[in-house]
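Read off the chains here:
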Amino acid sequence: MTRRQELLLGLLGTTVAFGICEAVARAGIVRRSYLPPASEVLVRAARLAGDPAFLDGIGVTLRAWVLGLGLACALAVPLGLLLGAVPVMEAAARAVIEFLRPLPSVALIPLVSLLLGSGTQTEVTLIAYASLWPVLFNTVYGLGETDPLARDTLRAFGFGRLAVLLRVELPATAPFIAAGVRISAAVALILAVATEILSGFGQGLGIFIAQAQTGTDGTRDVLAGVVWAGGLGLVINGVLVGAERRLFAWTQEPRPASGKSERGGP
């Protein structure tokens with residue numbers, strides 16, 4: 001499937017979903033206080049683009065997202081390379097990692113708030129914790145998928161462990177790390193908005209959503225904030241996917257179907 005076909009199908013799916021929501025609301029199947037027409041929500045979301053206070057809140061959320069995701073990558077990539085390169089350390093750390101990984105980040109908000117107080121530090125810490133795991137596991141997995149022939153060839157020519165890591169293992173692991181960063185980017189945005197919603201004060205997109213619930217048109221404003229959150233996630237994912245395709249174009253090359261030779265024979 002070409003990119004143009006993917007884009008057309010995505011637009012078709014969005015249009016169908018929009019039409020269903022609009023028809024359900026206009027027909028009175030669901031009360032407008034629960035589900036306002038999709039057109040009204042989109043109009044409200046568009047008007048928010050001209051609200052300086054709302055845009056400042058978007059900036060606060062994105063700043064926490066960048067700091068948290070950057071901190072997670074700075075910790076996860078070196079740690080993943082270390083665990084992937086030293087099996088003994090991976091075996092020793094596996095029990096601790098498997099204990100910490102399932103802990104929901106949202107459940108840690110009271111504890112982190114008690115230790116760090118309410119503010120950017122708490123938000124960044126929670127984002128970093130949640131975003132750490134996809135990058136970490138993708139780094140370890142990618143390092144394990146390195147071509148052993150290329151690694152052994154450099155060692156045979158006298159290259160040291162650091163040279164093998166920089167020349168072979170890290171370039172081979174880079175596409176896996178990029179995929180982990182893309183997954184973590186979505187997780188980080190979710191945590192940024194969720195932390196702000198649960199805190200209930202300050203600035204940010206989540207704060208706008210939390211405070212909009214008490215307004216006259218609360219549901220419409222909440223959904224408009226959700227549209228902005230989804231739009232930000234869509235843009236971020238699109239940028240990261242485009243960067244992956246440009247930086248690691250060889251990973252997008254089609255492979256011959258299984259069970260058939262490259263010449264097309266059976």
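Above this text you will find the structure in question.
Residues numbered from 1 in each chain as written. Predicted model: local features only at pLDDT ≥ 70, side-chain atom pairs only at ≥ 80, totals over all residues. Heavy atoms only, no water.

**As for the nonpolar core**
Inclusion rule: The set of buried Ala, Val, Leu, Ile, Met, Phe, Trp, Tyr and Cys residues whose side-chain atoms join them within 4.5 Å is what this entry labels a nonpolar core. Each residue gets one of three labels from its accessible area relative to the maximum for its type: buried under 20%, exposed over 50%, partly exposed in between, using a 1.4 Å probe on protein chains only. The numbering of helices and of strands both runs from the N terminus, where a helix is a DSSP run of H or I of at least 4 residues and a strand a run of E of at least 2.
Counting residues in hydrophobic clusters, the biggest one holds 45 residues, and the most contacted among them are W65, L136 and L205. Of all the secondary-structure elements, those providing two or more residues to this core are α2 (38-48), α3 (52-85), α5 (109-116), α6 (120-144), α8 (161-199), α9 (205-212) and α10 (218-247). The biggest single contributor to this core is α6, with 11 residues.

**Some details on the side chain of D221**
Inclusion rule: Polar contact is defined as a pair of N or O atoms within 3.5 Å, subject to the rule that within protein one atom must be able to donate a hydrogen and the other to accept it, and that residues adjacent in sequence are counted only when both atoms are side-chain atoms. Whether two residues touch is decided by their heavy atoms; if any such pair falls within 4.5 Å, the residues are in contact.
Tracing the backbone through its elements, the reader meets D221 in helix α10. Under the relative-accessibility criterion, D221 is labelled buried at 12%. Looking at D221, its side chain comes within polar contact range of the side chain of R220, at 3.3 Å. The contacts of D221, once residues within four sequence positions are left out, are R44, F208 and A212.

**What to know about the packing of aromatic side chains**
Quick note on the threshold: Within 6.5 Å between ring centres, the rings of Phe, Tyr and Trp (the latter by its six-membered ring) count as paired, and their orientation is classed by plane angle as stacked under 30 degrees, edge-to-face over 60, tilted in between.
The tally for this structure, following the rule as stated, stands at 5 aromatic pairs. Seen in terms of ring centroids, F54 and F208 are 4.9 Å apart; in terms of plane orientation they differ by 75 degrees. Their pairing is edge-to-face. In this pair, F54 sits in helix α3 while F208 sits in helix α9, placing the two residues 154 residues apart along the sequence. Of the residues examined, F54 reaches a relative accessible area of 5% and is grouped as buried. Among the residues examined, F208 registers a relative accessible area of 18% and is labelled buried.

**Thoughts on the packing of α2 against α10**
Describing two packed helices takes the angle between their axes plus the distance from one axis to the other. Defined as follows: Here an angle of 0 to 180 degrees is reported between the N-to-C directions of two axes, which are lines fitted to C-alpha atoms, with helices fitted over the stretch in contact. Angular relationships are summarised with four words: roughly parallel below 35 degrees, roughly antiparallel beyond 145, roughly perpendicular across 65 to 115, and oblique for the angles in between. The handedness criterion is simple: a crossing whose near helix is rotated anticlockwise from the far helix by less than a right angle is left-handed, and one whose near helix is rotated clockwise is right-handed. Note on residue categories: nonpolar means Ala, Val, Leu, Ile, Met, Phe, Trp, Tyr, Cys or Pro, charged means Asp, Glu, Lys or Arg, and polar means any other residue, Gly included.
Packing of α2 against α10 leaves a shortest axis separation of 8 Å and a crossing angle of 65 degrees. In terms of orientation, α2 lies roughly perpendicular with respect to α10. Two packed elements cross with a definite hand, and for α2 against α10 that hand is right-handed. When α2 is examined against α10, the residues E40, V41, L42, R44, A45 and L48 are found in contact with a partner set consisting of R220, D221, L223, A224, V227 and W228. For the contact of α2 with α10, the class distribution of residues is 8 nonpolar, no polar and 4 charged.

**Notes on the pattern of salt bridges**
Rule in force here: The salt bridge definition used is simple: a Lys or Arg side-chain nitrogen within 4 Å of an Asp or Glu carboxyl oxygen.
All told, the structure shown has 7 salt bridges when counted by the stated rule. The salt bridge involving R44 is made with D221; its shortest N-O contact spans 2.8 Å. Highlighted residues: R44 in helix α2 and D221 in helix α10, separated in sequence by 177 residues. Judged by its relative accessible area of 22%, R44 is partly exposed. Ionic pairing is found between R101 and E98, a salt bridge with its closest N-O pair at 2.8 Å. Look at E98 and you get partly exposed, because its relative accessible area is 32%. Here the salt bridges share partners, and the residues they tie into one network are R44, R220 and D221.

**Points about α8**
So the rule is basically this: Here, expected helix span is obtained from the residue count minus one, scaled by 1.5 Å. Note on bend: at a given residue it equals the angle between the axes fitted to the 7 residues ending there and to the 7 starting there.
The terminal C-alpha atoms of α8 lie 47 Å apart, and with 39 residues this falls more than 12% below the ideal 57 Å at 1.5 Å per residue. Remark: the principal bend of α8, roughly 45 degrees, maps to L170, with a proline, P171, within the next four residues.

**Considering the environment of W65**
With respect to the helices, strands and loops of the structure, W65 is situated in helix α3. Note on W65: relative accessible area 13%, which makes it buried. Counting along the chain gives 87 residues from W65 to D152, while the straight-line C-alpha distance between them is 40 Å.

Shape is all these values report; function is a separate question.
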